[in-house]
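So you can see what is in the structure, the chains are spelled out below.
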Amino acid sequence: MSDVEQRHGGERDGSLVDVVRRCDLILTCGPGGVGKTTTAAALGVAAARAGRRTVVVTVDPARRLADALGLAQGAAADQPHQVPEVTRRSTDGELWALMLDAEKTFDRLVRSQSANRAQAEAVLNNPVYQAISGSLSGAQEYMAIERLHELHVSGEWDLVIVDTPPSRHAIDLLEAPDRLVGFLGHPIYRALTVGQRTFAKVTDAASSMFLWAVKRLAGPQIVEDTVEFFRSLANIEGGLRRRAKEVSKLLRADSTAFVVVSSPRAEAVGEAGHLLDAVGEKGFPLGGLVVNLIHPLPVALSDDDEGLLADLDDGPLLDHLAWHRELSTLALAERREIEALEALAADAPVVELPLLDVDVHDVEGLVGLASRLVERADPPGSS
Ligand SMILES: Nc1ncnc2c1ncn2[C@@H]1O[C@H](COP(=O)(O)OP(=O)(O)OP(=O)(O)O)[C@@H](O)[C@H]1O
Ligand SMILES: [Mg+2]
């Protein structure tokens, strides 16, 4: 049997127990659909059971998971709700959960950075702001981080865990604060925020082309609203920049941990690999790597077995054998992908989670996953 075959799919190589006990901020990030939300919730369960008062910020959880976390109530879902079923199972800890509402978070950010109510209302009531605040490129990512900052500075929590949105590129999250500052420094933005008289004289080709195009496509009112929006935003620009810097520093603190989640499929591994590189390059602390949805490696067939099965006639047994071979090939390919990822995780713990038969959608399922995330694998030779 090869080394790869000996290391069975679903075995755990590490543990996130130190991250869950020590950190005060955890962000789960990774490619789409690999289990970021599920991992964030399971880490929350593990932390509560380790005695910590924990809040998990979820982004668009699957419905049944939202129900299990008590987040189906709609309007107030963006405020922390206790998850009594988890708190009850924890000696000192508590689990609370909320659902990210990017627009409401953006509104609160505008209010907190405005000098007065009128200044805030000018931004909030602008039709352009209302149209773009939820859909601005990177806004979801930035607001997930902003929410984390809000909860962290409230001083109410031992640990804040933030799940991240299904981005086209997982790396968007890391770049969100810098992107906001970059946007505020963009020539079009600068041209749009200068005073009325200067604005009339602006000859910057890019901004006049931009305005001409907007006018053609959407009509003059939109142009006025747009210019007005950028001007009102200029009042809070200093505050936004300061906040982006604070957030950027917070994300690099020793007590923060990024947990990269991936599946062992080649496409996800490629993206998670880029993300791991970027986390290191940009100086974010890597708390660990979770490889989720791993197919179990079927029992290997001996030469004798192969001999016995060589001349099967068509029928269920032959079908079963073909399925066994396919699954073995898939599971072995996954092992190779996992090894490539592990090499990129450097010294950080790597936790491997099997593809389970059922969706993880209730507290019971989360408790099971939580144990797998924080248990240490037995050292070789112990029993
Ligand atoms: N180990 C597992 N075994 C079986 N099902 C799982 C496992 N982990 C997660 N799932 C299921 O996979 C689905 C996707 O998980 P989840 O929503 O956590 O992924 P995500 O990375 O947050 O996705 P998105 O990028 O869309 O936000 C869910 O239905 C979840 O219950
Ligand atoms: Mg998700």
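Right above here is the structure, for reference.
Every chain begins its residue count from 1, and numbering advances along the sequence as written. As a convention, the first chain written is A and the first ligand written is 1, with the rest following in written order. Owing to the predicted nature of the model, reporting of local features is limited to residues with pLDDT of at least 70; listing and counting of side-chain atom pairs is limited to 80 or more, with chain, interface and lining totals taken over all residues. To get the side-chain values, all heavy atoms of the structure are used, and hydrogens and water are removed first.

Draft legend 1. Local environment of the overall build of the protein chain. The helix and strand labels rest on DSSP assignments: H or I over at least four residues marks a helix, E over at least two residues marks a strand, and numbering proceeds from the N terminus. Check the secondary structure of the protein chain and you find 19 helices and 8 strands. Accessibility here uses a 1.4 Å probe with only protein chains present; expressed as a share of the type maximum, an area under 20% marks a residue as buried, one over 50% as exposed, and anything in between as partly exposed. Within the protein chain, the proportion of its 383 residues that are buried is 48%. Residues count as neighbours in contact if any of their non-hydrogen atoms are within 4.5 Å of one another. A sequence separation of at least 24 residues applies to 79% of the contacts in the protein chain between residues at least 6 apart.

Draft legend 2. Layout of the environment of R22. Secondary-structure assignment places R22 in helix 2 (residues 17–22). Sequence separation between R22 and T256 is 234 residues; the distance between their C-alpha atoms is 9.1 Å. Residues within four places of R22 in sequence aside, it is in contact with R52, D254 and S255. Any N or O atom pair separated by 3.5 Å or less is treated as a polar contact, with the protein-specific requirement of one donor-capable and one acceptor-capable atom, and with residues adjacent in sequence counted only for side-chain atom pairs. A distance of 3.0 Å separates a polar side-chain atom of R22 from the backbone oxygen of D254.

Draft legend 3. How the structure looks around the site of ligand 1. In the vicinity of ligand 1 lie 16 residues, with G33, K36, T37, T38 and N292 positioned nearest. Here ligand 1, which alone exposes 640 Å², has 82% of that area covered by the protein. Of all the elements in the fold, those that place two or more residues in the shell around ligand 1 are helix 3 (36–49) and strand 7 (286–294). Of all the elements, helix 3 adds the most residues to the shell around ligand 1, at 3 residues. Here the shell around ligand 1 is composed, by residue class, of 8 nonpolar, 6 polar and 2 charged. A single heavy atom is enough: if one lies within 4 Å of a molecule or strand, its residue is considered near that molecule or strand. Every accessible area reported is derived by Shrake-Rupley at a probe size of 1.4 Å, with residue values counting cover from the shown protein chains alone. Residue classes follow a fixed rule: Ala, Val, Leu, Ile, Met, Phe, Trp, Tyr, Cys and Pro count as nonpolar, while Asp, Glu, Lys and Arg count as charged, and any other residue, Gly among them, counts as polar.

Draft legend 4. Spatial organisation of the pairing of strand 1 (residues 25–29). With 5 of its 5 residues buried, strand 1 lies for the most part within the structure. Where burial is concerned, the two faces of strand 1 agree: the one with L25, L27 and C29 and the one with I26 and T28 are both buried. When strand 1 meets strand 5 (residues 159–162), the two strands line up parallel, connected through 3 bridges. The residue bridging I26 from the neighbouring strand is I161, located in strand 5. Two strands are counted as paired when DSSP detects at least two bridges linking them.

Draft legend 5. Region of interest: the environment of Y142. Topologically, Y142 is positioned in helix 9 (residues 139–153). Y142 sits in the buried class, given a relative accessible area of 4%. Taking the C-alpha atoms as reference, Y142 lies 7.0 Å from L173; in sequence the two are 31 residues apart. Filtering out sequence-adjacent residues up to four positions away, Y142 remains in contact with L109, A176, P177, L180, R243, A244 and V247.

Draft legend 6. Structural context of the nonpolar core. Here, nonpolar core means buried Ala, Val, Leu, Ile, Met, Phe, Trp, Tyr and Cys residues that are tied together by side-chain atoms lying within 4.5 Å of each other. Counting 58 residues, the largest nonpolar core has Y142, L174, L251, F258 and L289 as the members making the most contacts within it. Once you skip the residues sitting within four places of it in the chain, L289 turns out to touch V260, L276, L341, E342, A345, P349, V350 and V351. Listed in part, the 39 residues of the second largest apolar core include A47, A48, V261 and L353.

Draft legend 7. Layout of the packing of helix 16 (residues 266–281) against helix 18 (residues 316–344). One way to put it is that helix 16 packs onto helix 18 with a least axis distance of 10 Å and a crossing angle of 5°. By the angle between their directions, the pair helix 16 and helix 18 is classed as roughly parallel. Touching A266, V269, A272, G273, L276 and D277 of helix 16 are E337, L341 and L344, all from helix 18. The class makeup of the residues in the contact of helix 16 with helix 18 is 6 nonpolar, 1 polar and 2 charged. Convention adopted: a line fitted to C-alpha atoms gives each axis, helices being fitted over their contacting stretch, and angles between N-to-C directions are expressed from 0 to 180 degrees. Roughly parallel covers angles under 35 degrees, roughly antiparallel covers those over 145, roughly perpendicular covers 65 to 115, and oblique covers all other angles.

Draft legend 8. Structural detail: a negative patch on the surface. By definition, no residue in a patch forms a salt bridge, and every one has over 30% relative accessible area; like charges are joined within 9 Å, nonpolar side chains (Val, Leu, Ile, Met, Phe, Trp, Tyr) within 5 Å. A pair is scored as a salt bridge if a Lys or Arg side-chain nitrogen falls within 4 Å of a carboxyl oxygen belonging to Asp or Glu. Only four residue types enter the tally: Lys and Arg on the positive side, Asp and Glu on the negative side, with His and both chain ends excluded. Where a charge sits is defined by one atom per residue type, namely NZ (Lys), CZ (Arg), CG (Asp) or CD (Glu). Residues D311, D313, D314 and D319 make up a contiguous surface patch of negative charge. Tracing the sequence through the fold places D313 in the loop between helix 17 (303–308) and helix 18. Note on D313: relative accessible area 65%, which makes it exposed.

Draft legend 9. The arrangement of the packing of aromatic side chains in detail. Working definition: a ring pair exists when centres of Phe, Tyr or Trp rings (six-membered ring for Trp) sit within 6.5 Å. Plane angles under 30 degrees give stacked, over 60 give edge-to-face, the rest tilted. Going through the model one piece at a time under the given rule, you end up with 3 aromatic pairs. A ring pair is formed by W96 and W157, whose centres lie 5.8 Å apart and whose planes are at 70°; its orientation type is edge-to-face. Taken together, the residues span a long stretch of sequence, with W96 in strand 4 (residues 94–99) and W157 in the loop between helix 9 and strand 5 at a distance of 61 residues. Its relative accessible area of 11% is what places W157 among the buried residues. Between F258 and F284, the ring centres sit 4.9 Å apart and the planes meet at 45°, which makes this aromatic pair tilted. You can see F258 sitting in strand 6 (residues 256–262) and its partner F284 sitting in the loop between helix 16 and strand 7, a full 26 residues away along the chain. Each member of the pair, F258 together with F284, is buried. Two conditions define a charge located above a ring, namely a distance within 6 Å from the ring centre to NZ of Lys or CZ of Arg, and an angle within 35 degrees of the ring normal. Sitting over the ring of W157, R53 keeps its end group 4.3 Å from the ring centre.

Draft legend 10. Quick peek at the environment of V290. Mapped onto the fold, V290 is located in strand 7. Taking the C-alpha atoms as reference, V290 lies 6.3 Å from S262; in sequence the two are 28 residues apart.

Scope: geometric values only; no functional claims are made or implied.
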